[in-house]
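Summary of the model geometry
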Amino acid sequence: YPDGIWFIPLAPLSDSESIPEAIAKAMDFSLRSESEVPQQQLGEHLKHKRILLVLDNFEHLVNDHSRAFIHFLLSYSPDLHLLITSRTLLNMQGEFVLSLEGLSLPPAHLAMGGQLKPEELTVYSAVQLFEQSALRIQPLFQINTQNIGAVLQICSLVQGMPLGIELAATWLEMLSPQEIAKEIQRCLDFLDNDHSDLPPRQRSLRAVFDSSWSLLDEIEQRAISNLAVFTGSFSREAAQIVSGASLRTLLNLVHKSWLQRNEAGRFSIHELLRQYAHEKLEMDQPAFRQARIRHATYYADFLIGQNVAMQGDGQKGAFDTIRDEFDNIRTAWSWLIEQNQYELLVFWVLPAIFRYCESRLRTLDLLPLIQKARQAVELTHDEQTDRSLLPILLTAEGAFFTNGYPVRYEAFGAYIPARRDLIERAWKLYNTRNGASGNQLEFWSILLAYLYGRIIDRAAGLETLEKLIPEYRKSGSRWSTALALEMLSQLHSLNSASMAEMEEINQYLTEAMEIFVELGDERETGHTLRSLGKLQRFQGHPEQAVDCWLNAQRKLEAVGEWTIATDIHWQIGDLYLEHGQFEKAFHHYRVMSTTYAEKGYYWVAGQHLSKESYEALRYGDLERAWETRQLSLQYCRQTGDKFGEAWSTWELGEYYRVTGDIRSARQEYDHAMHLFKQVQDENGETFFHRGHGDTCLQTGEYQEAIRQFSLSRDYARRNNHTWALAYAHGGLGRAYLQLGDLESARAELRPALDLAQHTRHKGLIRHILTSVAHLLARNEELERAVECASQLRAHYATWMEDKQDLQRLLDNLAGELPAERFQAAVQASASLTIEEYALL
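Residues numbered from 1 in each chain as written. Predicted model: local features only at pLDDT ≥ 70, side-chain atom pairs only at ≥ 80, totals over all residues. Heavy atoms only, no water.

Okay, the overall build of the protein chain next. Along the protein chain, the regular secondary structure elements total 40 helices and five strands. Along the first, second and third principal axes, the C-alpha set of the protein chain runs to 125 × 65 × 45 Å. Considering the protein chain as a whole, with its 840 residues, one finds that 55% of them fall into the buried category. In the protein chain, once contacts between residues fewer than 6 apart in sequence are set aside, the share between residues at least 24 apart is 66%. Total accessible area computed for the protein chain in this model is approximately 37200 Å², and 49% of it derives from carbon and sulfur atoms. In the protein chain, 82 side chains carry a positive charge and 112 a negative one; their mean positions are 2 Å apart. (Helix = DSSP H or I, 4+ residues; strand = E, 2+ residues; numbered from the N terminus. Buried < 20%, exposed > 50% of the residue type's maximum accessible area, 1.4 Å probe, protein only. Contact = heavy atoms within 4.5 Å. Areas by Shrake-Rupley, 256 points an atom, 1.4 Å probe, with all protein chains shown as cover. Lys, Arg positive; Asp, Glu negative; His and termini not counted. Charge placed at Lys NZ, Arg CZ, Asp CG, Glu CD.)

Looking now at the pattern of salt bridges. Using the criterion set out here, one finds 47 salt bridges in the structure. Note that Lys555 and Glu522 form a salt bridge whose closest N and O atoms lie 3.6 Å from each other. With Lys555 in helix α26 (residues 542–558) and Glu522 in helix α25 (residues 522–538), this residue pair connects regions lying 33 residues apart in the sequence. For the salt bridge of Glu561 with Arg523, the shortest nitrogen-to-oxygen distance reads 2.6 Å. Taken together, the residues Glu561 in the loop between α26 and α27 (562–578) and Arg523 in helix α25 connect sequence positions 38 residues apart. We note that Glu561, like Arg523, is buried. (Salt bridge = Lys/Arg side-chain N within 4 Å of Asp/Glu carboxyl O.)

Running from N to C, helix α33 (residues 682–699) and helix α35 (residues 722–738) cross one another at 25 degrees; their axes reach a closest spacing of 11 Å. By the angle between their directions, the pair α33 and α35 is classed as roughly parallel. Like other packed secondary-structure pairs, α33 and α35 cross with a definite hand, here left-handed. Residues Thr686, Phe687, Arg690, Asp694 and Leu697 of α33 touch α35, and the partners they reach there are Trp723, Ala724, Tyr727, Gly731, Arg734 and Ala735. Residues of the contact of α33 with α35, tallied by class, amount to six nonpolar, two polar and three charged. (Axes fitted to C-alpha atoms, helices over the stretch in contact; angles between N-to-C directions. Parallel < 35°, antiparallel > 145°, perpendicular 65-115°, else oblique. Left-handed = near helix turned anticlockwise from the far one by under 90°. Nonpolar A, V, L, I, M, F, W, Y, C, P; charged D, E, K, R; others polar.)

On to the packing of aromatic side chains, then. Per the counting criterion, the structure on display carries 37 aromatic pairs. On the numbers, 6.0 Å between centres and 70 degrees between planes, the contact of Trp213 with Tyr276 is edge-to-face. Here Trp213 is found in helix α10 (residues 205–213), whereas its partner Tyr276 is found in helix α14 (residues 271–282), with 63 residues between them in sequence. By relative accessible area, Tyr276 is classed as buried at 1%. Among the aromatic side chains, those forming a connected cluster through ring pairs are Phe230, Phe234, Phe267, Tyr298, Tyr299 and Phe302. Above the face of the Phe326 ring, Arg362 is positioned so that its terminal group lies 4.3 Å from the ring centre. Between Lys599 and the ring centre of Trp562, over which it is positioned, the NZ or CZ distance is 5.1 Å. (Phe/Tyr/Trp six-rings, centres within 6.5 Å; stacked < 30°, edge-to-face > 60°. Lys NZ or Arg CZ within 6 Å of the ring centre and 35° of its normal.)

Taking strand neighbours across the sheet as the criterion, the three strands line up as β1-β2-β3 in an open arrangement whose pairing is parallel. In this open sheet, the two strands that pair with only one neighbour each are β1 (5–9) and β3 (80–84). Adjacent strand axes in the sheet meet at a mean angle of 20 degrees, parallel and antiparallel pairs treated alike. Bridge analysis of β1 against strand β2 (residues 51–56) gives five bridges, and the strand direction is parallel. Across the sheet, the residue bridging to Ile8 is Leu55, located in β2. On top of the sheet, helix α1 (residues 19–26) reaches β1 and β2; it is set at about 130 degrees to β1, its chief contact. (Pairing = 2+ DSSP bridges.)

What follows covers the pairing of β3. Across five bridges, β2 lies against β3 in parallel orientation. Paired with Leu53 across the bridge in β3 is Leu82.

Before going further, it helps to examine helix α24 (residues 499–519). With 21 residues, α24 should cover 30 Å at 1.5 Å per step; its first-to-last C-alpha distance of 30 Å lies within 8% of that length. All of the buried residues in α24 are Met502, Ile505, Asn506, Tyr508, Leu509, Ala512, Ile515 and Phe516. (Expected span 1.5 Å × (residues − 1).)

You can see Thr249 is positioned in helix α13 (residues 247–255). Looking at Thr249, its side chain comes within polar contact range of the side chain of Ser246, at 3.1 Å. In this view, Thr249 contacts Ile219, Glu220 and Ala223; residues no more than four positions away in its chain are not counted. (Polar contact = N/O pair within 3.5 Å; in protein donor to acceptor, adjacent residues only side chain to side chain.)

With respect to the helices and strands, the residue Arg186 is situated in helix α9 (residues 177–186). Its relative accessible area of 60% is what places Arg186 among the exposed residues. Considered as a pair, Arg186 and Gln275 are 89 residues apart in the sequence and their alpha carbons are 10 Å apart.

As a further point, take the nonpolar core. Grouped together as the largest cluster of nonpolar side chains are 245 residues, with contacts concentrated most on Phe130, Ile224, Leu227, Leu350 and Phe354. Those residues within four positions of Phe130 in sequence are excluded, and the remaining contacts are Phe141, Val151, Ile154, Cys155, Ile165, Ala169 and Leu172. (Core = buried A, V, L, I, M, F, W, Y, C linked by side-chain atoms within 4.5 Å.)

With that settled, the discussion passes to the pairing of β2. Of all the six residues making up β2, six are buried; the element is thus mostly covered by neighbouring parts of the structure. Here β2 shows a buried face lined by Ile51, Leu53 and Leu55 and a second buried face lined by Leu52, Val54 and Asp56. For the segment spanning β2, helix α3 (residues 64–76) and β3, crossover handedness is right-handed. (Right-handed = clockwise from strand over helix to strand, strands pointing away.)

On to the side chain of Asp641. Along the chain, Asp641 turns up in the loop between α30 (622–639) and α31 (642–658). Here Asp641 occupies a buried position and makes no salt bridge, while the nearest side chain of opposite charge, Lys642, is found at 9.4 Å. Non-local contacts of Asp641, meaning those with residues more than four positions away in its chain, are made with Trp603, Gln607 and Cys636.

On to the packing of helix α16 (residues 315–338) against helix α18 (residues 363–380), then. Describing two packed helices takes the angle between their axes plus the distance from one axis to the other. Between α16 and α18, the least distance of the axes is 10 Å, while the angle of their chain directions is 10 degrees. Relative to α18, α16 is oriented roughly parallel. Contacts from Phe326, Arg330, Trp333, Ser334 and Ile337 in α16 reach Asp365, Leu369, Ile370, Lys372, Ala373 and Ala376 in α18. The residue inventory of the contact of α16 with α18, partitioned by class, reads seven nonpolar, one polar and three charged.

Right, let's talk about the environment of Ala616 for a bit. You can see Ala616 is positioned in helix α29 (residues 602–618). Residue classification places Ala616 among the buried positions, given a relative accessible area of 1%. Taking the C-alpha atoms as reference points, Ala616 and Thr122, separated by 494 residues in sequence, lie 37 Å from one another. Setting aside its immediate chain neighbours within four residues, Ala616 contacts Phe586, Asp621, Arg624 and Ala625.

It is worth spelling out unusual backbone geometry at this point. One non-glycine residue, Asn340, adopts positive backbone phi at about 60 degrees. Relative to the helices and strands, Asn340 resides in the loop between α16 and α17 (342–360). Despite not being glycine, Glu780 shows a phi value in the positive range, around 65 degrees. Relative to the helices and strands, Glu780 resides in the loop between α37 (762–778) and α38 (782–794). Glu780 sits in the exposed class, given a relative accessible area of 60%.

On to the environment of Leu776. Looking at where Leu776 falls in the secondary structure, it is placed in helix α37. We classify Leu776 as buried; its relative accessible area is 7%. In this structure the C-alpha to C-alpha distance between Leu776 and Leu742, which are 34 residues apart in sequence, comes to 9.7 Å. Excluding residues that lie within four positions of it along the chain, Leu776 makes contacts with Glu781, Leu782, Arg784, Ala785 and Cys788.

What follows is the structure, given as structure tokens:
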């Protein structure tokens with residue numbers, strides 16, 4: 001623009017007739033006579049110039065007169081360009097609209113996950129503005145690890161609005177960033193100041209909003225007030241039903257910057273504007289109540305339909321729609337509780353959001369809602385209240401382990417603490433229920449039977465599912481029949497199942513899959529394929545198992561259930577590990593942690609990194625074990641995952657023990673024990689004593705080792721932890737061997753081997769057989785000891801520390817046996833099976 005760029009502030013003007021004078025004054029151009037038309041003179045002055053005029057704060061001047069003036073200027077001066085800032089569109093031909101949003105912020109999960117350091121966060125414009133504004137108040141202010149979370153929260157609360165950020169920063173003279181964030185959440189009027197060099201309209205957000213409010217007509221004011229009951233984004237249909245607004249009114253609100261519309265066609269209101277409009281609505285309590293009722297009713301009806309869609313071929317769309325509406329669903333949930341609408345809440349709203357949150361691992365969003373509803377029902381529970389409400393809520397709450405992972409998705413029999421008290425209460429109440437129809441209870445009956453069988457009493461759970469299936473067949477409930485069959489198969493223990501039992505389980509899964517396929521339920525088809533893969537693995541068909549799992553991944557990914565699709569990598573990795581294909585195994589383990597971290601689920605990523613770390617430690621990759629352990633701990637601590645931190649800390653102790661740093665190992669075990677108590681994980685005590693027992697073996701404190709392993713054995717038995725029980729018996733056997741008490745050693749190693757074989761864990765079996773090799777040597781069965789030790793040392797599934805121990809044993813035996821007999825025993829080991837050494 002060779003003839004200049006001119007900035008013309010229009011905020012002080014009262015009417016459009018003043019615009020020409022304001023432009024002339026800013027350009028230092030005097031109008032010649034009051035009798036002449038000002039715009040004609042201005043047009044003559046600009047006629048042959050290439051100029052950009054920036055007209056700021058035009059919204060209060062938008063009318064037919066000002067539009068005519070703009071049209072005149074552009075027609076009279078063809079090289080003139082206008083850049084107009086306004087909260088209201090001019091609605092003129094040739095108008096190009098650029099919507100200004102808030103300043104940029106980093107994705108929340110990157111900041112929370114520690115992927116960005118404070119200095120890296122300052123590249124985002126919202127953080128930059130806060131820092132610049134803060135330095136005017138506190139010249140030594142710095143964004144650091146202590147305040148970055150609060151700074152990001154402030155910028156997020158005002159959604160990057162520059163004035164909101166600047167007003168918030170002015171309070172640093174008196175408050176910390178953490179206190180400022182709390183005050184913004186508490187009251188809109190907090191964001192103001194008394195700087196005399198600012199125009200009144202810029203001294204508070206309320207003043208800005210008041211001026212915008214005055215530009216709305218009565219219909220628009222009523223509509224935006226009603227829309228303030230929404231949280232997050234909302235659809236056009238929801239907006240019209242809840243607010244009663246016409247399409248024209250919604251469009252006007254968009255044009256006047258009260259509503260934003262995204263590319264998907266969904267509306268949203270800036271959060272601070274929403275608070276302002278909500279205050280207006282609350283001034284009219286009857287209107288406020290009616291808007292809330294319409295909002296809650298709309299989302300209850302919406303979820304009834306989505307729950308049906310989730311069981312058929314429309315489930316991906318249903319999951320995606322619930323994702324978009326989740327903030328509003330949460331708001332509707334709270335209102336239904338306030339209005340004591342428990343039947344509507346539990347029977348019609350809960351099933352859809354339970355399935356969605358279970359599928360997308362949004363446990364932290366779901367459980368507070370369920371707990372709030374359960375507490376409300378418990379307070380009002382009487383003979384007039386449907387007795388099915390409480391067992392359903394207890395079942396839904398008890399369906400997740402204490403670390404937030406869904407119980408029915410856990411496929412390895414892991415000993416994660418569960419909410420036993422909730423499940424037991426639900427089971428007791430379920431058997432005395434009344435009032436609800438079978439359709440309302442079917443899903444919860446199946447889920448509760450599975451939870452009770454998995455956590456409390458397997459036989460009782462199996463018996464209940466076996467009774468439910470004929471009922472569902474008789475009533476024609478195909479989906480419930482299939483789900484019950486799939487849950488029944490999961491409850492069966494494949495570790496100890498005979499071939500005939502496995503064939504029966506295969507029949508359950510095959511029928512379930514046929515039904516789900518027929519109904520178009522890709523999600524449950526994927527889960528059933530996952531179970532079939534596990535069955536194929538135990539039947540000794542690894543290739544078929546992998547095929548099932550890969551097919552399950554495709555099904556689950558197709559409906560957006562990326563969490564379980566990702567976790568299937570654990571099963572595939574274990575299968576490759578079991579067959580000595582370590583690089584393939586570790587590739588699959590790494591895919592899990594990387595995927596969860598990329599999506600912001602750092603607490604789950606930390607747990608998967610822990611898996612990779614301890615397997616790397618077992619099989620000799622110490623560098624990988626150390627790096628993944630440190631990152632696992634970092635994620636757990638940053639996300640406040642005490643459960644994950646406890647186990648990762650214990651595994652860090654294992655790293656130190658295996659690498660010979662006994663002092664550090666014991667310190668980490670003790671720290672882990674402190675965390676185990678915080679999360680009330682009794683299994684942690686099992687492993688705490690196991691760790692100390694192992695260190696005592698290494699330091700020669702054999703009597704103390706017996707005491708520690710005895711305690712570990714007792715805790716494992718109490719918690720029905722077969723794997724840990726086998727290890728504890730094995731540890732006792734090793735301690736007695738070192739003391740020369742061969743009979744006691746043999747008495748401990750027998751049950752250790754039986755239990756280990758029940759788990760089918762190759763590494764654990766060989767860990768205990770390592771002690772058997774020592775027992776054979778102590779019993780003067782030297783050639784058998786060589787055979788056993790040689791066979792174990794050569795096997796890929798034997799842990800690194802056991803291989804080192806076996807090598808020392810073989811070195812000793814080589815000195816005790818003639819060379820030819822030693823070599824003959826080594827060669828003979830190649831043709832022997834591990835079962836031959838399991839017979840003590």
